[in-house]
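Each chain, letter by letter, is given below.
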Amino acid sequence: MQTKLDRREFIKLAGAAGVAAARPFQQTTAPGPDAAEKDLVMLALDAARSAGASYADVRITRGNTELVATRERQITNVSKNETYGIGIRALVGGSWGFAATRDLARNSVAAAARQAAAIARSNDRINPVKTTLASVQKFPDGRWMTPHEVDPFTIPIEQKAQLLFKTNEEALRVKGVRFVTSSISSIRESRLLGTTEGSLIQQTFFRIGPNVNVTAVSDDNGDFQTRNAVLAPRGAGWEYVLGLQMQENVLRWAEEAAAKLTATPVQPGLWDLVLHPSHLWLTIHESIGHPTELDRAMGYEANFAGTSFLSPPEKVLNKFRYGPAFMNIVGNRTESGGCSTCGWDDEGVPAQSWLIVDKGVFVNYQTTREMASWISNLTKVRESLGTAYGQDWASIPFPRMPNVSLQPNTQDVSEEDVIAATKHGIYIEGDGSYSIDQQRYNFQFGGQVFWEIKDGKRIRMLRDVAYQARTPNFWNSLALAGGKSTYRLGAALNDGKGQPQQLNAVSHGCPIALFRNVNVINTG
Amino acid sequence: MQNTNAKRHGLSADESRQLCDKILGLARADHTRINITSGIQGFTRTAINRITTAGETNNVTVRITSIFGKRVASVDTNRLDDAALERAVRDAEALAKIAPENPEYLPELAEQKYMPVDGYYASTGDLTTESRARAASLGIKAADASKFVAAGFIDVAAGSQAVATSNRLFGYYSGTAVASTLTIRTPDGLSSGWAGDEDADWNTIESERIAEDALRKCRAWRGKTALDPGKYEVILEPTAAGMLMSRMLGVFDARQADEGRSSFSKRGGGNRLGEKLFDERVTIISNPAEKNAETSPFTNAGQPVQREVWVDKGVLKSLAYSRFWAMKQGVAPKANPSNFVMSGGDASLDDMIKSVKRGVLITRLWYIRGLNPRVISFTGLTRDGTFLIENGKIARPVTNFRFNQSLSELLANVEVLGRPTRVAADESGAAGTPVMVPPLKVRNFTLASVSDAI
């Protein structure tokens, strides 16, 4: 990233970005590899091979983030972060070794490659089972870039701060609102991947994560309530932030924070739930995204993230009924705007889309090259589905979640139609507290705003709502899904998995949806 | 004690000072602050009775914070060549010039006196890939011998931190941390047991005992049966207690309390300092020099971190004050706790079990998330060994539960405290913020619903 040095240059750049915004994004403009980085990748691959690796992959990543954060009328953080280095994964005799360094001198890179091979060899001495990799097409000049209109790093810090200050000011106009925090994170990441099988792939990712959080406090300091706007991060440029209209919408979020102070505490019991996409995405993430990771199902994450109720594969694939016949779930690394969207995964497997749940039945997991053969006799899919990902140069690639999305109703069902189909229910907007067990059965989710629905109409605000359910029962209580017009993406930049823990950015699309007779508790 | 002549991981004090001086020499801002974090992270990971991955990463990260008046901005980089450092300094200064003013900014600290702490243990810093693999293989062998399945993680961190300001402040700390955790499951997936240790010193990590304990738990939990949810007397083993108590690390903030958005806010205004809120046997301190749980004696801003008593015999004794909030309230600044040390009693775990007429023994917890900050309540699940106790004895293994529990109430409902120990309190198995807690016997713990998970 070329950071400019003065205000005038910042503004000049912003002007240039404005011109760029008029042009539709073309994937053909994605940059290719830097010559020096390409040389280092080749050097590391050679060194790993010479040290005995039967396979190696090398990633040079340069991650840039910029954060502008405020509270009320003041700035709390302006920062930029750059992390740059090389990670080498080597396979020796069927065992993995990994080494990474920030030192990009040629001798250090070669030493790290040899170290990766030496660690692999050390592990292989005691490993009874050998890793094999599914075949993959070679891509000697792969290039991809997140589709975007305006590079967020070209927007001046002052412009971002002003947008946040104006948003905060609007919120503070509401009686009872005492605190507002807001921020914008901009992320750009360059990834150059080389493999001993001949692929060389350069990708450039953009992600942007805005956030607004409003707190209202009662007059006597006896109670406080927060309303997080739940603005989903997106694989996109600055145009996404502008489209959110934070200044215009914050008034509603602030009024809702204040209204929560005097809202009616929920009566625990069985309620129908109308779940807005800004809430439902997280339920999908936890109760469908994670249990359909094949490494979990096979015990690879047993010591931390856990295993999966969807196991063993031969007992559940093509047999387990996840939900009703109109329920279709897709794993999709090509979803427009998705935080996990890419051109290739970290093993050089092309991005793709596949059914995980087909007409309510579980039909496939998420796989990498190491895992594809474990279930290919059941799925007839011999190649990886492309879910390998390492957080950065310092992190070993392993299976991470693609965008996993609930497909909308083929009929044009609106939000009003879904509410009208509800007699005794709660409408939940925004994600709140969330927790699920280590096999993904028992979960409990809160939210941001809760409205009681009576006889097909939203009548009053409720508070302290959370629902507890068992995954298969919950999804089989899905009664109605909204149409395409209600479909939205939710997302997180910080999904944790693995030891050492790595973070993954992932999106989940879904329509508004109605679930019958779910157990609701009062968390007050 | 922990010092040897061997080269430590991470930059030395001299190297750190030289790097800080070089960067400060490039600076043109009114004030500049430098933070350096350096060192290695090594790991070995097992699953399905094999080593699945292992690796080592070394890194140096420099944060440059530039200040013009009350305009503040920072740049992080891990590129240390002269040109890259100069670019990072210029970037930080350019950002600071255009950043809006922060009215709460206070001038950089001058030279400070820090308590002397050396948290670097050579036993941890010198640990090799081969030694990690040998330790990991003990868990695999124990599981293999019983035809069970092991998954484990050994996480090692060794390195240093430094802080410097253009007002001549300099601080340096060097430390290590290691965590070793192990889950053993039956091949049919119907039982699971866990054990783990965490410390600054690898020599205290008992790999054989971890393997034995995880295997014992897995054996004992076989044949679990249903138990109704409800309020129970529970015994939280040290790891379970630590996983909950570590959630208290973030609640001792004076500003949150004074502003009316904390469990320690007083109705009508102010905070609850001096009030007796918990059982009188509850005492919570933090101390950077705590043996085997050492932490840096300074914050990123260079503020000294002292030994602090947060809760003394059940009374809220201290709250943390940022420099700005301290000035506004007319008190001395006080840094947040850097570790969590809770006093205990003399009871052994067996003594505690013997004292229970009907209750539940909990090994560890999972997916703990906040519910209501007003009462410091959390939800989460039990995991890897949950047992019904009847008439002073383990009666039978029972299903896992989701709990919904206020920590304020928990600390008021403590019945017996055992001997404190450092625990692997991070759900991810990472060697993290040191947490030393006793096992706890607590009444009226809410096990809200059954979880089928194993």
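Residues numbered from 1 in each chain as written. Chains lettered and ligands numbered in written order. Predicted model: local features only at pLDDT ≥ 70, side-chain atom pairs only at ≥ 80, totals over all residues.

Asks: When you look at helix α1 (residues 13-26) of chain B in this model, what are you seeing that I'm missing?
Replies: Residues separated by three or four positions in an α-helix point in the same direction, a consequence of the helix having 3.6 residues per turn. All names here are of chain B. Here α1 spans 20 Å end to end across 14 residues, near enough to the 20 Å set by a 1.5 Å rise per residue. Those residues of α1 that sit buried are S16, L19, C20 and I23. The arc enclosing the buried residues of α1, seen along the axis, measures out at 100°, which places them on a common side. Facing away from the buried surface of α1 by more than 90 degrees, the exposed residues are D14, Q18 and G25. The inward-facing, buried residues of α1 abut β1 (31-47), β2 (50-68), α2 (82-98), β4 (149-165) and β5 (170-185). (Helix = DSSP H or I, 4+ residues; strand = E, 2+ residues; numbered from the N terminus. Expected span 1.5 Å × (residues − 1). Buried ≥ 20, exposed ≤ 12 C-beta atoms within 10 Å, placed from the backbone. Arc of directions from axis to C-beta. Contact = placed C-beta atoms within 7 Å.)

Asks: Would you take a moment to explain the pairing of strand β19 (residues 465-470) of chain A for this structure?
Replies: The side chains of a regular strand alternate between both faces of the sheet. Residues and elements named next belong to chain A. Where burial is concerned, most of β19 is hidden: six out of the six residues are buried. On β19, burial covers both faces: V465, Y467 and A469 on one face and A466, Q468 and R470 on the other are all buried. Where strand β17 (residues 442-454) meets β19, four bridges bridge the pair, whose relative direction is antiparallel. Bridge pairing in β19 links N442 to R470. Two elements, β19 and strand β23 (residues 513-522), share four bridges in a ladder whose sense is antiparallel. Directly across from Q468, in β23, lies its bridge partner N519. (Pairing = 2+ DSSP bridges.)

Asks: Help me understand the sheet that holds strand β18 (residues 435-437) of chain B, please; the structure alone is not making it clear to me.
Replies: Backbone-to-backbone hydrogen bonds join strands into a sheet, with any given pair of strands oriented parallel or antiparallel. Residues and elements named next belong to chain B. With mixed pairing, the six strands of this open sheet are ordered in space as β10-β9-β8-β11-β18-β17. This sheet does not close on itself; its edge strands, each paired only once, are β10 (315-316) and β17 (421-422). Two elements, β17 and β18, share two bridges in a ladder whose sense is antiparallel. Residue R422 lies in a different strand from β18, and its bridge partner there is M436. Against the sheet, helix α6 (residues 238-245) makes contact with β11 (340-342), β17 and β18, and its axis sits at roughly 125° relative to β18, the strand it touches most. (Axes fitted to C-alpha atoms, helices over the stretch in contact; angles between N-to-C directions.)

Asks: Looking at this structure, I do not really get the interface of chain B and chain A. What am I missing?
Replies: In this assembly, 76 residues from chain B lie in contact with 69 residues from chain A. Broken down by element, the residue count for the side of chain B that touches chain A peaks at eleven residues, all from β2 of chain B. Per-class residue counts for the side of chain B that touches chain A are 27 nonpolar, 30 polar and 19 charged. Bridge count for strand β3 (residues 95-101) of chain A against β2 of chain B is four bridges, and the pairing is parallel. Bridged to T101 of chain A within β2 of chain B is N58 of chain B. (Nonpolar A, V, L, I, M, F, W, Y, C, P; charged D, E, K, R; others polar.)

Asks: Please explain the pairing of β5 of chain B as it appears in this structure.
Replies: Residues and elements named next belong to chain B. For β5, the buried fraction is high: 15 of the 16 residues fall into the buried class. Strand direction decides the pairing type here: β4 and β5, joined by 16 bridges, are antiparallel. Directly across from F153, in β5, lies its bridge partner T181. Here β4 folds back onto β5, and the loop between the two strands holds four residues, one of which, R168, carries a positive phi near 75°. The pairing of β5 with strand β6 (residues 192-199) spans eight bridges and is antiparallel. The partner of I184 across the bridge, within β6, is G193.

Asks: Sorry, what's going on with the packing of helix α4 (residues 157-172) of chain A against helix α6 (residues 246-261) of chain A here?
Replies: Axis angle and axis distance: for two packed helices, these are the angle between their axes and the distance between the axes, and together they describe the pair. Residue and element names in this part refer to chain A. In contact at an axis separation of 8 Å, α4 and α6 are set at 30° when each is read in the N-to-C sense. Between α4 and α6, the crossing angle belongs to the class labelled roughly parallel. α4 and α6 meet at a crossing whose hand is right-handed. Seen from α4, the contacting residues are L163, K166, T167, E170 and A171; seen from α6, they are M246, Q247, V250, L251, W253 and A254. Taken together, the residues of the contact of α4 with α6 break down into seven nonpolar, two polar and two charged. (Parallel < 35°, antiparallel > 145°, perpendicular 65-115°, else oblique. Left-handed = near helix turned anticlockwise from the far one by under 90°.)

Asks: Just checking my understanding: could you explain the domain arrangement of chain A for this structure?
Replies: It is common to give the size of an interface as the accessible area lost on bringing the parts into contact. Residues and elements named next belong to chain A. Splitting chain A by domain gives domain 1 (7-261) and domain 2 (265-522). Put simply, the middle of domain 1 and the middle of domain 2, counted by C-alpha atoms, are 23 Å apart. At the junction of the two partners, domain 1 supplies 39 residues and domain 2 supplies 38 residues. Put simply, the parts of the chain that give the side of domain 1 that touches domain 2 at least two residues each are β1 (55-71), β2 (74-92), β3, β4 (142-145), β5 (177-195), β6 (200-217), β7 (224-228) and α6. Of the residues that constitute the side of domain 1 that touches domain 2, the class distribution is 16 nonpolar, 15 polar and eight charged. (Domains from an automatic or database assignment.)

Asks: Explain unusual backbone geometry to me, please; I cannot follow it from the model alone.
Replies: Negative phi values dominate among residues other than glycine, just as trans dominates among peptide bonds. All names here are of chain A. Cis geometry is found at the peptide bond from S311 to P312, where omega equals -5°. Within the secondary structure, P312 sits in the loop between α8 (294-297) and α9 (313-316). Cis geometry marks the peptide bond from Q499 to P500, where omega comes out at 0°. Position of P500 among the secondary structure elements: in the loop between β21 (488-497) and β22 (502-510). Backbone geometry at N318 places phi at a positive 65°, although glycine is not the residue there.

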